[in-house]
Amino acid sequence: PVRYDAGGGGDEGEDEADVDGGYEPSAFLGGDASVRAVRVCGFHLLAWAEGRSASRSAAERAGAAPASGLYTWGENAARQLCRSLDGGLDYDAEPGLASSVAGLLPDGELPVFGCGGFHTLVHAGGGPAVLSCGGGEEDDEADSVGEPGDEGTGAAPPAAPGLERDGSAARLLLPGIEAEDSVVHLAGGHVHSVALSAKGRVWTWGSNSHGQLGWAPVPPPSEAAVRLFPPGAVRLPPRHRPESAPAATAAPPRVVAVAAGGYHTLALTEEGDVYSWGANHHGQLLRASPSPVDPMPRWAAVPGMTPAPSPVERRGAAGGGGGGGAA
(Lines give C-alpha, C1' and ligand atoms only; values in the text may rest on other atoms or scores of the structure.)
Protein backbone atom coordinates (compact mmCIF):
# COMPACT_ATOMS: atom_id res chain seq x y z
CA PRO A 1 0.00 0.00 0.00
CA VAL A 2 0.98 3.64 -0.52
CA ARG A 3 2.15 5.31 2.70
CA TYR A 4 3.05 8.95 3.21
CA ASP A 5 3.51 11.48 5.97
CA ALA A 6 0.91 14.11 6.79
CA GLY A 7 1.55 17.77 7.46
CA GLY A 8 4.44 19.85 6.20
CA GLY A 9 2.28 21.58 3.63
CA GLY A 10 4.13 24.90 3.74
CA ASP A 11 4.44 27.83 6.10
CA GLU A 12 0.82 28.83 5.47
CA GLY A 13 -0.62 25.51 6.63
CA GLU A 14 -1.71 26.00 10.21
CA ASP A 15 -4.82 23.78 10.17
CA GLU A 16 -3.26 20.36 9.56
CA ALA A 17 -4.89 16.97 9.89
CA ASP A 18 -4.40 15.38 13.30
CA VAL A 19 -2.39 12.38 12.14
CA ASP A 20 0.36 10.75 14.12
CA GLY A 21 3.36 9.98 11.91
CA GLY A 22 1.94 8.58 8.67
CA TYR A 23 -1.04 6.66 7.34
CA GLU A 24 -2.22 4.59 4.45
CA PRO A 25 -4.94 6.07 2.21
CA SER A 26 -6.42 2.60 1.77
CA ALA A 27 -7.18 2.53 5.51
CA PHE A 28 -9.55 5.46 4.97
CA LEU A 29 -11.08 3.96 1.83
CA GLY A 30 -11.51 0.47 3.27
CA GLY A 31 -9.30 -2.60 3.25
CA ASP A 32 -10.87 -3.70 -0.02
CA ALA A 33 -9.43 -0.70 -1.89
CA SER A 34 -6.11 -0.50 -3.71
CA VAL A 35 -4.52 2.93 -4.02
CA ARG A 36 -2.68 3.35 -7.33
CA ALA A 37 -1.44 6.93 -7.07
CA VAL A 38 -1.38 9.83 -4.61
CA ARG A 39 -0.82 13.57 -5.09
CA VAL A 40 0.00 15.88 -2.19
CA CYS A 41 -1.20 19.40 -3.01
CA GLY A 42 -0.93 22.72 -1.23
CA PHE A 43 -3.70 22.10 1.30
CA HIS A 44 -5.51 19.04 -0.08
CA LEU A 45 -4.73 15.52 -1.25
CA LEU A 46 -5.76 13.28 -4.16
CA ALA A 47 -5.73 9.50 -4.50
CA TRP A 48 -6.79 7.18 -7.30
CA ALA A 49 -8.23 4.05 -5.72
CA GLU A 50 -9.45 0.83 -7.25
CA GLY A 51 -11.99 -1.17 -5.26
CA ARG A 52 -13.47 -4.55 -6.08
CA SER A 53 -16.84 -3.15 -5.05
CA ALA A 54 -17.05 -1.42 -8.42
CA SER A 55 -18.07 -4.75 -10.00
CA ARG A 56 -20.45 -5.85 -7.22
CA SER A 57 -24.19 -5.44 -6.93
CA ALA A 58 -25.65 -2.59 -4.88
CA ALA A 59 -26.43 -4.98 -2.03
CA GLU A 60 -22.92 -6.39 -2.04
CA ARG A 61 -21.39 -2.90 -2.08
CA ALA A 62 -23.12 -1.92 1.15
CA GLY A 63 -20.43 -1.54 3.77
CA ALA A 64 -17.69 -2.60 1.36
CA ALA A 65 -14.86 -0.63 -0.19
CA PRO A 66 -15.87 2.24 -2.48
CA ALA A 67 -15.86 2.07 -6.24
CA SER A 68 -12.79 2.94 -8.29
CA GLY A 69 -12.20 6.60 -8.87
CA LEU A 70 -10.50 9.81 -7.80
CA TYR A 71 -10.82 10.58 -4.09
CA THR A 72 -10.06 13.94 -2.52
CA TRP A 73 -9.79 15.35 0.99
CA GLY A 74 -8.44 18.35 2.87
CA GLU A 75 -9.08 22.05 2.23
CA ASN A 76 -12.07 22.91 0.04
CA ALA A 77 -12.45 26.69 0.42
CA ALA A 78 -11.72 27.08 -3.31
CA ARG A 79 -13.83 24.03 -4.28
CA GLN A 80 -10.63 22.15 -5.11
CA LEU A 81 -12.01 18.80 -3.90
CA CYS A 82 -14.27 18.55 -6.99
CA ARG A 83 -17.27 17.76 -4.79
CA SER A 84 -19.74 19.47 -2.49
CA LEU A 85 -19.53 19.10 1.29
CA ASP A 86 -22.48 18.78 3.62
CA GLY A 87 -23.32 21.93 5.49
CA GLY A 88 -21.16 24.10 3.25
CA LEU A 89 -17.97 23.08 5.05
CA ASP A 90 -14.66 24.16 3.53
CA TYR A 91 -12.64 21.21 4.86
CA ASP A 92 -13.05 17.43 4.86
CA ALA A 93 -10.61 15.11 6.61
CA GLU A 94 -12.26 12.00 5.10
CA PRO A 95 -11.61 10.97 1.47
CA GLY A 96 -14.64 11.31 -0.78
CA LEU A 97 -15.29 10.54 -4.43
CA ALA A 98 -14.66 13.56 -6.68
CA SER A 99 -18.21 13.50 -7.99
CA SER A 100 -17.95 16.48 -10.34
CA VAL A 101 -15.46 14.64 -12.58
CA ALA A 102 -16.33 11.00 -11.81
CA GLY A 103 -18.74 10.58 -14.71
CA LEU A 104 -16.27 12.06 -17.19
CA LEU A 105 -13.39 9.67 -16.52
CA PRO A 106 -12.89 6.37 -18.42
CA ASP A 107 -13.82 3.26 -16.46
CA GLY A 108 -10.95 1.12 -15.23
CA GLU A 109 -8.20 3.46 -16.42
CA LEU A 110 -5.80 5.45 -14.29
CA PRO A 111 -6.20 9.06 -15.50
CA VAL A 112 -3.58 11.77 -15.58
CA PHE A 113 -4.18 14.06 -12.62
CA GLY A 114 -2.33 16.71 -10.66
CA CYS A 115 -2.91 19.68 -8.40
CA GLY A 116 -1.65 23.02 -7.20
CA GLY A 117 -2.09 25.19 -4.18
CA PHE A 118 -5.84 25.66 -4.59
CA HIS A 119 -6.91 23.57 -7.57
CA THR A 120 -7.18 20.06 -9.00
CA LEU A 121 -6.48 19.03 -12.60
CA VAL A 122 -7.61 15.85 -14.40
CA HIS A 123 -7.23 14.70 -17.99
CA ALA A 124 -10.10 12.47 -18.99
CA GLY A 125 -8.10 10.61 -21.64
CA GLY A 126 -8.05 11.52 -25.32
CA GLY A 127 -8.84 14.92 -26.71
CA PRO A 128 -7.54 18.39 -25.92
CA ALA A 129 -9.45 19.07 -22.70
CA VAL A 130 -8.30 19.24 -19.10
CA LEU A 131 -10.91 19.16 -16.32
CA SER A 132 -10.34 21.59 -13.50
CA CYS A 133 -11.79 22.29 -10.05
CA GLY A 134 -11.00 25.05 -7.59
CA GLY A 135 -8.78 27.92 -8.39
CA GLY A 136 -8.35 30.75 -5.92
CA GLU A 137 -7.89 32.03 -2.45
CA GLU A 138 -10.34 34.19 -0.56
CA ASP A 139 -9.02 37.25 -2.34
CA ASP A 140 -10.08 35.65 -5.65
CA GLU A 141 -6.50 35.26 -6.86
CA ALA A 142 -7.73 32.43 -9.03
CA ASP A 143 -5.67 30.01 -11.08
CA SER A 144 -7.99 27.66 -12.88
CA VAL A 145 -11.76 27.76 -12.75
CA GLY A 146 -14.46 27.12 -10.20
CA GLU A 147 -17.23 24.62 -10.62
CA PRO A 148 -20.34 25.93 -12.40
CA GLY A 149 -22.72 27.53 -9.98
CA ASP A 150 -20.04 28.34 -7.43
CA GLU A 151 -20.09 31.89 -6.16
CA GLY A 152 -17.22 33.92 -4.78
CA THR A 153 -14.14 32.01 -3.65
CA GLY A 154 -12.25 30.21 -6.37
CA ALA A 155 -14.46 31.22 -9.28
CA ALA A 156 -12.62 32.39 -12.37
CA PRO A 157 -14.29 34.74 -14.87
CA PRO A 158 -17.00 32.68 -16.63
CA ALA A 159 -16.03 34.13 -20.00
CA ALA A 160 -12.37 33.13 -19.70
CA PRO A 161 -10.99 32.32 -23.18
CA GLY A 162 -10.62 28.62 -23.93
CA LEU A 163 -13.19 27.61 -21.32
CA GLU A 164 -16.22 25.41 -21.87
CA ARG A 165 -18.68 24.12 -19.30
CA ASP A 166 -19.55 20.43 -19.25
CA GLY A 167 -22.09 19.51 -16.61
CA SER A 168 -20.55 20.11 -13.20
CA ALA A 169 -16.95 20.23 -14.40
CA ALA A 170 -14.93 23.00 -15.98
CA ARG A 171 -13.20 22.08 -19.22
CA LEU A 172 -10.05 23.87 -20.36
CA LEU A 173 -9.03 23.40 -24.00
CA LEU A 174 -5.36 23.17 -24.96
CA PRO A 175 -4.90 25.14 -28.19
CA GLY A 176 -3.02 23.50 -31.04
CA ILE A 177 -2.84 20.00 -29.56
CA GLU A 178 -2.94 17.40 -32.34
CA ALA A 179 -5.66 14.77 -32.56
CA GLU A 180 -3.19 11.92 -32.09
CA ASP A 181 -1.49 13.62 -29.14
CA SER A 182 -2.56 13.34 -25.50
CA VAL A 183 -1.78 14.82 -22.09
CA VAL A 184 0.66 12.69 -20.07
CA HIS A 185 1.41 14.93 -17.08
CA LEU A 186 -0.26 17.75 -15.16
CA ALA A 187 1.31 19.99 -12.53
CA GLY A 188 0.19 23.03 -10.59
CA GLY A 189 1.89 25.90 -8.82
CA HIS A 190 0.36 28.25 -6.33
CA VAL A 191 -1.80 29.96 -8.96
CA HIS A 192 -0.79 28.46 -12.32
CA SER A 193 -0.98 25.13 -14.14
CA VAL A 194 1.21 23.13 -16.54
CA ALA A 195 0.35 20.35 -19.01
CA LEU A 196 2.75 18.09 -20.94
CA SER A 197 1.76 16.05 -24.00
CA ALA A 198 3.10 12.75 -25.28
CA LYS A 199 4.79 14.58 -28.15
CA GLY A 200 6.76 16.77 -25.77
CA ARG A 201 4.73 19.97 -25.99
CA VAL A 202 4.03 22.16 -22.96
CA TRP A 203 1.04 24.40 -22.13
CA THR A 204 0.63 26.74 -19.17
CA TRP A 205 -2.27 28.86 -17.91
CA GLY A 206 -3.48 30.84 -14.91
CA SER A 207 -1.61 33.66 -13.19
CA ASN A 208 1.55 35.12 -14.70
CA SER A 209 2.34 37.42 -11.80
CA HIS A 210 5.97 36.23 -11.74
CA GLY A 211 6.42 35.16 -15.37
CA GLN A 212 5.67 31.53 -14.49
CA LEU A 213 3.72 30.88 -17.71
CA GLY A 214 6.73 31.35 -19.97
CA TRP A 215 4.81 32.85 -22.91
CA ALA A 216 2.42 35.58 -21.70
CA PRO A 217 3.20 39.19 -20.75
CA VAL A 218 3.81 39.85 -17.06
CA PRO A 219 0.95 42.10 -15.91
CA PRO A 220 1.59 45.21 -13.81
CA PRO A 221 1.38 44.73 -10.03
CA SER A 222 -2.08 46.30 -9.94
CA GLU A 223 -3.42 43.51 -12.23
CA ALA A 224 -1.18 40.58 -11.26
CA ALA A 225 -3.53 39.22 -8.59
CA VAL A 226 -6.66 39.14 -10.73
CA ARG A 227 -5.56 38.69 -14.35
CA LEU A 228 -5.73 35.11 -15.62
CA PHE A 229 -4.46 33.74 -18.92
CA PRO A 230 -6.03 30.86 -20.88
CA PRO A 231 -3.87 27.88 -21.90
CA GLY A 232 -0.98 28.84 -24.17
CA ALA A 233 1.91 26.85 -25.65
CA VAL A 234 5.42 27.31 -24.27
CA ARG A 235 8.24 27.26 -26.82
CA LEU A 236 11.66 26.43 -25.40
CA PRO A 237 14.64 27.93 -27.24
CA PRO A 238 17.16 25.33 -28.45
CA ARG A 239 20.23 25.41 -26.21
CA HIS A 240 22.47 24.36 -29.10
CA ARG A 241 21.53 26.33 -32.21
CA PRO A 242 23.84 26.95 -35.22
CA GLU A 243 24.42 30.66 -35.70
CA SER A 244 23.09 30.38 -39.23
CA ALA A 245 19.74 28.97 -38.09
CA PRO A 246 17.13 31.59 -37.18
CA ALA A 247 15.63 31.08 -33.73
CA ALA A 248 12.13 31.14 -35.20
CA THR A 249 12.81 28.11 -37.44
CA ALA A 250 14.97 26.01 -35.13
CA ALA A 251 13.23 22.92 -33.78
CA PRO A 252 12.37 23.34 -30.11
CA PRO A 253 13.59 20.71 -27.64
CA ARG A 254 11.23 17.85 -26.85
CA VAL A 255 10.11 17.96 -23.21
CA VAL A 256 9.74 14.71 -21.24
CA ALA A 257 8.85 16.04 -17.77
CA VAL A 258 7.50 19.22 -16.18
CA ALA A 259 7.20 20.53 -12.63
CA ALA A 260 5.72 23.63 -11.03
CA GLY A 261 6.91 25.46 -7.97
CA GLY A 262 4.89 28.13 -6.23
CA TYR A 263 5.67 30.80 -8.82
CA HIS A 264 8.14 29.16 -11.21
CA THR A 265 8.13 26.32 -13.75
CA LEU A 266 10.68 23.67 -14.79
CA ALA A 267 10.94 21.48 -17.89
CA LEU A 268 13.27 18.53 -18.60
CA THR A 269 14.13 17.70 -22.23
CA GLU A 270 14.92 14.33 -23.75
CA GLU A 271 18.58 15.41 -24.03
CA GLY A 272 18.76 15.91 -20.28
CA ASP A 273 18.62 19.70 -20.23
CA VAL A 274 16.60 21.57 -17.63
CA TYR A 275 14.82 24.83 -18.49
CA SER A 276 13.38 27.21 -15.92
CA TRP A 277 11.33 30.42 -15.85
CA GLY A 278 9.34 32.53 -13.42
CA ALA A 279 10.25 33.79 -9.94
CA ASN A 280 13.92 33.73 -8.98
CA HIS A 281 13.90 35.58 -5.65
CA HIS A 282 15.64 32.68 -3.92
CA GLY A 283 17.66 31.26 -6.83
CA GLN A 284 15.00 28.68 -7.67
CA LEU A 285 15.67 29.00 -11.42
CA LEU A 286 19.20 27.58 -10.91
CA ARG A 287 20.69 30.36 -13.02
CA ALA A 288 21.48 34.04 -12.86
CA SER A 289 18.80 36.43 -14.04
CA PRO A 290 18.85 40.22 -14.42
CA SER A 291 15.85 40.57 -12.07
CA PRO A 292 13.97 38.47 -9.49
CA VAL A 293 11.47 37.60 -12.23
CA ASP A 294 12.45 36.02 -15.55
CA PRO A 295 9.52 35.11 -17.83
CA MET A 296 11.73 33.63 -20.57
CA PRO A 297 12.42 29.86 -20.55
CA ARG A 298 16.18 29.41 -20.40
CA TRP A 299 18.63 26.59 -19.78
CA ALA A 300 19.36 26.04 -16.09
CA ALA A 301 22.73 24.85 -14.80
CA VAL A 302 21.77 22.01 -12.47
CA PRO A 303 24.60 21.17 -10.02
CA GLY A 304 26.06 17.72 -10.65
CA MET A 305 24.28 17.27 -14.00
CA THR A 306 26.50 16.87 -17.06
CA PRO A 307 25.24 19.09 -19.90
CA ALA A 308 24.15 17.28 -23.04
CA PRO A 309 26.71 17.60 -25.85
CA SER A 310 25.91 19.90 -28.74
CA PRO A 311 25.20 18.42 -32.20
CA VAL A 312 28.68 19.54 -33.32
CA GLU A 313 30.27 17.77 -30.35
CA ARG A 314 28.28 14.61 -31.06
CA ARG A 315 29.33 14.61 -34.74
CA GLY A 316 32.96 15.08 -33.72
CA ALA A 317 32.83 12.17 -31.30
CA ALA A 318 31.21 9.92 -33.91
CA GLY A 319 33.91 10.77 -36.45
CA GLY A 320 36.82 9.95 -34.16
CA GLY A 321 37.38 13.56 -33.09
CA GLY A 322 38.70 14.87 -36.08
CA GLY A 323 39.98 16.63 -38.80
CA GLY A 324 39.03 15.57 -42.25
CA GLY A 325 35.33 14.85 -42.04
CA ALA A 326 32.81 17.14 -43.55
CA ALA A 327 30.79 19.08 -41.05
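Right above here is the structure, for reference.
What comes next concerns the included structure. (Residues numbered from 1 in each chain as written. Predicted model: local features only at pLDDT ≥ 70, side-chain atom pairs only at ≥ 80, totals over all residues. Heavy atoms only, no water.)

**Some thoughts on the overall build of the chain**
A tally of helices and strands in the chain yields five helices and 19 strands. Sorting the 327 residues of the chain into buried and exposed places 43% on the buried side. Only carbon and sulfur atoms are counted for the fraction: they give 53% of the accessible area of the chain, which is about 15,700 Å². (Helix = DSSP H or I, 4+ residues; strand = E, 2+ residues; numbered from the N terminus. Buried < 20%, exposed > 50% of the residue type's maximum accessible area, 1.4 Å probe, protein only. Areas by Shrake-Rupley, 256 points an atom, 1.4 Å probe, with all protein chains shown as cover.)

**With respect to the environment of Tyr275**
Secondary-structure assignment places Tyr275 in strand β18 (residues 274–279). Put simply, Tyr275 and Val302 are 27 residues apart on the chain and 9.6 Å apart in space, counted from C-alpha to C-alpha. There is a polar contact of 2.8 Å between the side chain of Tyr275 and the backbone oxygen of Pro237. (Polar contact = N/O pair within 3.5 Å; in protein donor to acceptor, adjacent residues only side chain to side chain.)

**Examining the sheet that holds strand β16 (residues 255–260)**
The four strands lie next to each other as β16-β17-β18-β19, forming an open sheet whose pairing is antiparallel. Two strands in the sheet have a free side with no partner beyond their single neighbour: β16 and β19 (293–300). Averaged over neighbouring strand pairs, the angle between their axes works out to 15 degrees when direction is ignored. Relative to strand β17 (residues 264–269), β16 runs antiparallel, the two sharing five bridges. Paired with Ala257 across the strands is Leu268, a residue of β17. (Pairing = 2+ DSSP bridges. Axes fitted to C-alpha atoms, helices over the stretch in contact; angles between N-to-C directions.)

**Quick word on the pattern of salt bridges**
Note on pairing: side chains with opposite charge can pair once their charged atoms come close. Within the structure shown, the criterion is met by eight salt bridges. Close ionic contact of Asp92 with Arg83 constitutes a salt bridge, the shortest N to O distance being 3.0 Å. In terms of burial, Asp92 and Arg83 fall into one category: buried. The residue Glu180 makes a salt bridge to Lys199 at a minimum N-O spacing of 3.0 Å. One end of the pair, Glu180, is in the loop between β11 (169–173) and β12 (183–188); the other, Lys199, is in the loop between β13 (192–197) and β14 (202–206), with 19 residues separating them in the sequence. Here Glu180 falls in the exposed class, since its relative accessible area comes to 58%. Ionic contacts of the salt-bridge type, sharing partners, join the residues Glu178, Glu180 and Lys199 into one network. (Salt bridge = Lys/Arg side-chain N within 4 Å of Asp/Glu carboxyl O.)

**A few points about the sheet that holds β13**
Strand order in the open sheet formed by four strands is β12-β13-β14-β15, with antiparallel pairing between adjacent strands. Two strands bound the open sheet, and with one partner strand each, they are β12 and β15 (229–234). Neighbouring strand axes in the sheet, compared pairwise and without regard to direction, differ in orientation by 20 degrees on average. In the sheet, β13 pairs with β14 via five bridges, with the strands oriented antiparallel. Its bridge partner being in β14, Ala195 is matched across the sheet by Trp203.

**With respect to the nonpolar core**
In globular proteins that are soluble, nonpolar side chains generally tend to be buried together. Residues Leu46, Leu70, Val101, Leu105, Phe113, Val122 and Leu131 are the most contacted members of the largest nonpolar core, which totals 15 residues. Counting residues in hydrophobic clusters, the runner-up holds eleven residues, among them Ala187, Val202, Val234 and Trp277. (Core = buried A, V, L, I, M, F, W, Y, C linked by side-chain atoms within 4.5 Å.)

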